[in-house]
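What follows is each chain in one-letter form.
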Amino acid sequence: MTDAAPRLAAVAENLLGAPLPVRIRAWDGSEAGPPGGPVLVLARRRALRRILWRPGELGLARAWVAGDLTVDGDLYALLDRVSGLLWEREPAVPANPGAPAPAGPAALLRDPARRAALRELAALAGPWPPPAPPPEEAVRRGGPRHSRGRDRKAVSHHYDVGNDFYAHVLGPSMVYSCAYWSPGATLEQAQHDKLDLVCRKLGLEPGMRVLDVGCGWGALALHAARSYGVRVTGVTLSAEQAGHARKRVAEEGLADRVEIRVQDYRDVGDGPYDAISSIGMAEHVGAARYGEYARALHTLLRPGGRLLNHQIARRPEPGERAHRADPFIDAYVFPDGELSPLGTTVGELERAGFEVRDVEALREHYALTLRAWVARLEEHWEEAAALTSPGRARVWLLYMAASALGFEHNRLGVNQVLAVRPEDNGTSRLPLRTRTWGGGPASPA
C-alpha cells in the first residue's frame with residue numbers, strides 16, 4: 001500500500017474543513033499536500049492511534065516525543081502553519097471496532113461526512129489500542145496542587161534532567177531565563193547583561209543581604225556576589241541545580257558570600273533581606289497560591305527593600321475561569337505550571353503590600369533567547385540525546401521552538417516587575433529617576 005498520505009490528506013481536509021496547511025509523508029513513503037515548505041512525517045502508523053486516543057495537542061505531543069511524528073524541514077515554519085488548528089477541548093476516544101463509544105465534540109460527530117472521515121482514520125491507524133505514553137511523560141501527581149511535596153516533584157521533573165544536558169542547551173552561563181539582548185550580542189553576553197540589569201534594578205551595594213528565590217544553577221547569585229559585593233542566599237527545590245551551584249561557588253572562592261539551599265521559599269525564615277530577586281520562578285507558584293507567595297516575599301523584605309519579579313505572562317482571556325493548562329506543557333515540561341496575565345501579577349503584589357514602581361516588557365528578548373537555545377540543542381543534538389533520552393531532547397526542541405513563536409506572535413510575554421516594600425512613612429528609597437538603573441557594579445567589599 002502506497003496511498004496512505006493521500007487518504008490521510010483527504011481525511012484531514014474533511015475534518016478541518018479547509019485545505020491541508022502542510023505536506024505530509026506517511027510511513028509507506030507516499031506524500032500529499034501542498035508542495036514546498038516543511039513536511040510533517042508520520043514515521044509509524046501508530047502515530048495515528050496516539051492522535052485518535054487523545055485528539056488535539058496531547059496526542060500529537062505523544063507521537064512527537066516517541067519519534068512516531070517528525071518534521072522534514074523548518075520546524076518553526078511547520079508550527080506556524082498548523083497553529084490554531086487544534087481542537088479547543090480534547091474529546092474522548094473516537095469510534096473504533098471493539099472500543100468504547102466516544103463522546104467527542106458534538107458538532108464534529110453529528111456530521112455524517114466527518115464521522116466517515118474518523119472511521120477512515122481509525123482504519124488507517126491499525127490495530128487498537130494505542131501504545132503507552134512515552135516514558136518522558138510526567139507520572140500522575142498525588143497530593144494537593146502546589147503543596148510542598150507536589151511542587152518538589154514537579155520541579156524535579158523539569159530541572160533534574162541532568163546538568164550536562166542543560167549545559168548543551170543553555171551554554172556556559174547556565175541561565176535558564178530570558179536574556180537581555182543588544183544588537184550583535186552573543187547569548188553569553190545577553191545573559192550577562194540580564195543578570196547585571198537585575199542587580200542594578202535592585203540597587204545592590206556591598207554588604208547587602210540578597211535572597212534569590214528559585215536560584216537555578218546559581219548564575220545570578222554568583223554575579224551579584226562577585227560584581228556587587230553582596231551576600232546572597234539562593235533557594236531551589238532542585239537537588240541537581242543546588243549541587244551545580246555549590247560547585248561553582250566553591251570554584252570561584254565565594255563560599256563566604258553565597259549560600260545555596262535546597263529549600264521551599266515558604267520555609268525561608270531568616271529575613272529580613274535588603275533585596276529579593278525571583279527570576280523565572282513564579283510560574284511554578286500557581287494562581288491559587290500567588291497571594292501567599294507575594295505575602296511571603298513581602299515579609300522577608302526589609303522596609304525600603306526592593307523585589308525584582310521576572311515572570312512569563314499569558315494574554316488575558318475572556319472569562320478567566322476558562323483558562324486551562326497547556327496539555328503538552330503540563331505533561332512533559334512544567335507539571336502544574338501556571339501562567340497569569342501581567343495585570344493579575346501586579347494586583348497580587350500590590351495586595352500583599354508592595355508598591356510597584358516599574359514594569360519592563362521583554363517579550364521579543366525571550367523569542368531571541370529561545371531561538372538561541374534551539375540552535376544550541378540542534379548543534380549538540382547527539383550529545384544532548386545521549387545524556388538524557390531522544391524523547392526528552394524532542395520534548396525540549398518542540399517546547400522551545402513553539403514557545404519562541406508564542407512570544408513572537410504576542411501569545412506570551414515576559415516582564416520584569418520592580419516593586420518596593422515602602423517604609424511606614426511611605427518612603428520608597430528610590431531615586432527620582434530610576435530608568436538609568438545606576439552606573440553598574442560597585443567595587444566588591
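Preceding block: the structure.
Sequence positions are assigned chain by chain, starting from 1 and proceeding in written order. Residue-level local features of this predicted model are given only where pLDDT is at least 70; pairs of side-chain atoms are given and counted only at 80 or more, and the full residue set underlies all totals for whole chains, interfaces and linings. Side-chain measures here rest on the full set of heavy atoms in the structure, leaving out hydrogens and waters.

What's the story with the environment of Val346 in this structure? I'm lost.
What counts as a helix is a DSSP run of H or I of at least four residues, what counts as a strand is a run of E of at least two, and both are numbered from the N terminus. When you line up the elements, Val346 lands in helix α14 (residues 342–351). Residues Val346 and Val417, 71 residues apart in the sequence, show an inter-C-alpha distance of 7.8 Å.

Where do I start with the packing of aromatic side chains in this structure?
One pair of aromatic rings is described through two measures. These are the centre distance and the angle between the planes. Think of it this way: a Phe, Tyr or Trp ring, Trp meaning its six-membered ring, pairs with another when their centres are within 6.5 Å, and the plane angle makes it stacked under 30 degrees, edge-to-face over 60, tilted otherwise. Taken as a whole and assessed by the stated rule, the structure comprises 15 aromatic pairs. Between Tyr166 and Trp217 the ring centres are 4.7 Å apart and the planes differ by 50°, which places this aromatic pair in the tilted class. Here the residue Tyr166 occupies a position in helix α8 (residues 163–170), and Trp217 occupies one in the loop between β5 (209–213) and α10 (219–228), the gap between them amounting to 51 residues. Given a relative accessible area of 2%, Tyr166 falls into the buried group. Members of the aromatic cluster, each reached through a chain of ring pairs, are Phe165, Tyr166, Tyr176, Trp217, Tyr366, Trp373, Trp396, Tyr399 and Phe407. Should the NZ of a Lys or the CZ of an Arg lie within 6 Å of a ring centre and within 35 degrees of the ring normal, that charge is described as sitting over the ring. Sitting over the ring of Tyr273, Arg209 keeps its end group 4.1 Å from the ring centre. It is Arg371 that lies over the ring of Tyr76; its NZ or CZ is 3.9 Å from the centre. Type-normalised accessible area, obtained with a 1.4 Å probe on protein chains alone, sets the label of each residue: buried when under 20%, exposed when over 50%, and partly exposed for intermediate values.

So what exactly am I meant to see when it comes to the environment of Asn14 here?
Tracing the sequence through the fold places Asn14 in helix α1 (residues 4–16). Separated by 100 residues in the primary sequence, Asn14 and Arg114 place their C-alpha atoms 6.4 Å from one another. Two residues qualify as a contact provided that any one of their heavy atoms is within 4.5 Å of a heavy atom in the partner residue. Once you skip the residues sitting within four places of it in the chain, Asn14 turns out to touch Ala113, Arg114 and Ala117.

I keep staring at the sheet that holds strand β1 (residues 23–25) and nothing clicks. Help me out?
Sheets are built from strands paired through backbone hydrogen bonds, the pairs being either parallel or antiparallel. Any two strands between which DSSP finds at least two bridges are classified as paired. As summarised here, the arrangement of the four strands in space is β2-β1-β3-β4, forming an open sheet in which the pairing is mixed. Looking at which strands have only one partner, the edges of the open sheet turn out to be β2 (31–32) and β4 (69–72). Across four bridges, the pairing between strand β3 (residues 39–42) and β4 is antiparallel. Each bridged residue has a counterpart across the sheet, and for Leu42 the counterpart in β4 is Leu69.

Mind showing me how you'd approach the sheet that holds strand β8 (residues 273–279) here?
Taken in spatial order, the seven strands make up an open sheet running β7-β6-β5-β8-β9-β11-β10, and their pairing is mixed. The open sheet has two free edges, formed respectively by β7 (258–262) and β10 (355–361), since each of these has just one partner strand. Within the sheet, the average angular offset between the axes of one strand and its neighbour, ignoring direction, is 15°. Direction of pairing for strand β9 (residues 301–314) relative to strand β11 (residues 412–420): antiparallel, over a ladder of nine bridges. Pairing of His310 across the sheet is with Gln416, part of β11. Lines are fitted to the C-alpha atoms to define the axes, a helix being fitted only along its stretch in contact, and any angle between axes, read from their N-to-C directions, falls within 0 to 180 degrees. Relative to β11, helix α9 (residues 187–201) is tilted by about 30°, and along the sheet it contacts β8, β9, β10 and β11. Helix α17 (residues 390–408) rests against β9 and β11 of the sheet, and its axis sits at about 70° to β11.

I tried to follow the pattern of salt bridges on my own but got confused; where do I start?
Any two side chains of opposite charge can pair, on the condition that their charged atoms come close. In what follows, salt bridge is the name for a side-chain nitrogen of Lys or Arg lying within 4 Å of a carboxyl oxygen of Asp or Glu. Considering all chains together, one arrives at 25 salt bridges under this definition. In this structure, Glu31 engages Arg25 in a salt bridge whose closest nitrogen and oxygen atoms are separated by 2.8 Å. Look at Arg25 and you get partly exposed, because its relative accessible area is 23%. With its nearest N and O atoms 3.4 Å apart, the salt bridge here joins Glu364 to Arg363. When salt bridges with common partners are traced through the structure, they connect Arg23, Arg25, Glu31 and Asp72 into a single cluster.

Please clarify how the side chain of Ser173 should be interpreted in this entry.
Among the structural elements, Ser173 can be located in the loop between α8 and α9. Setting aside residues up to four positions removed in sequence, Ser173 forms contacts with Glu188, Gln191, Ala219 and Arg248.

Can you walk me through unusual backbone geometry in this structure?
Residues Trp128 and Pro129 are joined by a peptide bond in cis, for which omega reads 0°. As for its position among the elements, Pro129 is in the loop between α6 (112–125) and α7 (148–159). For the peptide bond that leads from Gly271 to Pro272, omega is 5°, which places it in the cis range. When you line up the elements, Pro272 lands in the loop between β7 and β8.

What exactly am I supposed to notice about helix α2 (residues 46–53) here?
The α-helix winds at 3.6 residues per turn, so residues separated by three or four positions along the chain end up facing the same way. Most of α2 is tucked away: six of the eight residues are buried. Buried within α2 are the following residues: Ala47, Leu48, Arg49, Arg50, Ile51 and Leu52. Where α2 is buried, its residues touch α1, β3, α3 (57–65) and α6.

Even after reading the chapter, I still don't get the environment of Cys199, so can you show me in this structure?
Residue placement: Cys199 occurs in helix α9. A sequence separation of 109 residues divides Cys199 from Leu308, and the C-alpha atoms of the two residues are 9.0 Å apart. Here Cys199 is in contact with Leu204, Leu220, His223, Ala224 and Tyr228, once residues within four sequence places are set aside.

It is not clear to me how the pairing of β5 should be interpreted in this structure. Could you clarify?
Every other side chain in a regular strand lies on the same face of the sheet, so the side chains alternate between the two faces. With four of five residues buried, β5 is to be regarded as a mostly interior element. Pairing of β5 with strand β6 (residues 231–236) involves five bridges; the strand directions are parallel. Within β6, the residue paired with Arg209 across the bridge is Arg231. Where β5 lies against β8, four bridges are found, and the strand directions are parallel. Along β8, the bridge assignment pairs Asp212 with Ser277.

What's the story with the side chain of Gln416 in this structure? I'm lost.
Within the element layout of this structure, Gln416 appears in strand β11. Owing to a relative accessible area of 1%, Gln416 belongs among the buried residues under this scheme. Here Lys201 takes part through its side chain, which lies 2.7 Å from a polar atom of the side chain of Gln416. Not counting the four nearest positions on each side in its chain, Gln416 is found in contact with Lys194, Leu197, Val198, Lys201, Leu308, Asn309, His310, Asp358, Val359, Glu360 and Leu362. Whenever two N or O atoms come within 3.5 Å, that pair is a polar contact, provided that in protein one can donate a hydrogen and the other can accept it, and provided that, for residues adjacent in sequence, both atoms are side-chain atoms.

Help me out: how do you make sense of the packing of α1 against α6 in this one?
Helices that pack against each other are described as a pair by the angle of their axes relative to one another and the distance between those axes. Where α1 contacts α6, the two axes come as close as 9 Å, and the packing angle between them is 150°. Classified by the interaxial angle, the pair formed by α1 and α6 is roughly antiparallel. By crossing handedness, the relation of α1 to α6 is classed as left-handed. Counting all contacts with α1, which are made through Ala4, Arg7, Leu8, Val11, Asn14, Leu15 and Leu16, the residues of α6 involved are Ala113, Arg114, Ala117, Leu118, Glu120, Leu121 and Leu124. Throughout this description, any angle smaller than 35 degrees is read as roughly parallel, any larger than 145 degrees as roughly antiparallel, any in the 65 to 115 degree range as roughly perpendicular, and the remainder as oblique. Put simply, a crossing is left-handed when the front helix is turned counterclockwise from the back one by less than a right angle, and right-handed when it is turned clockwise.

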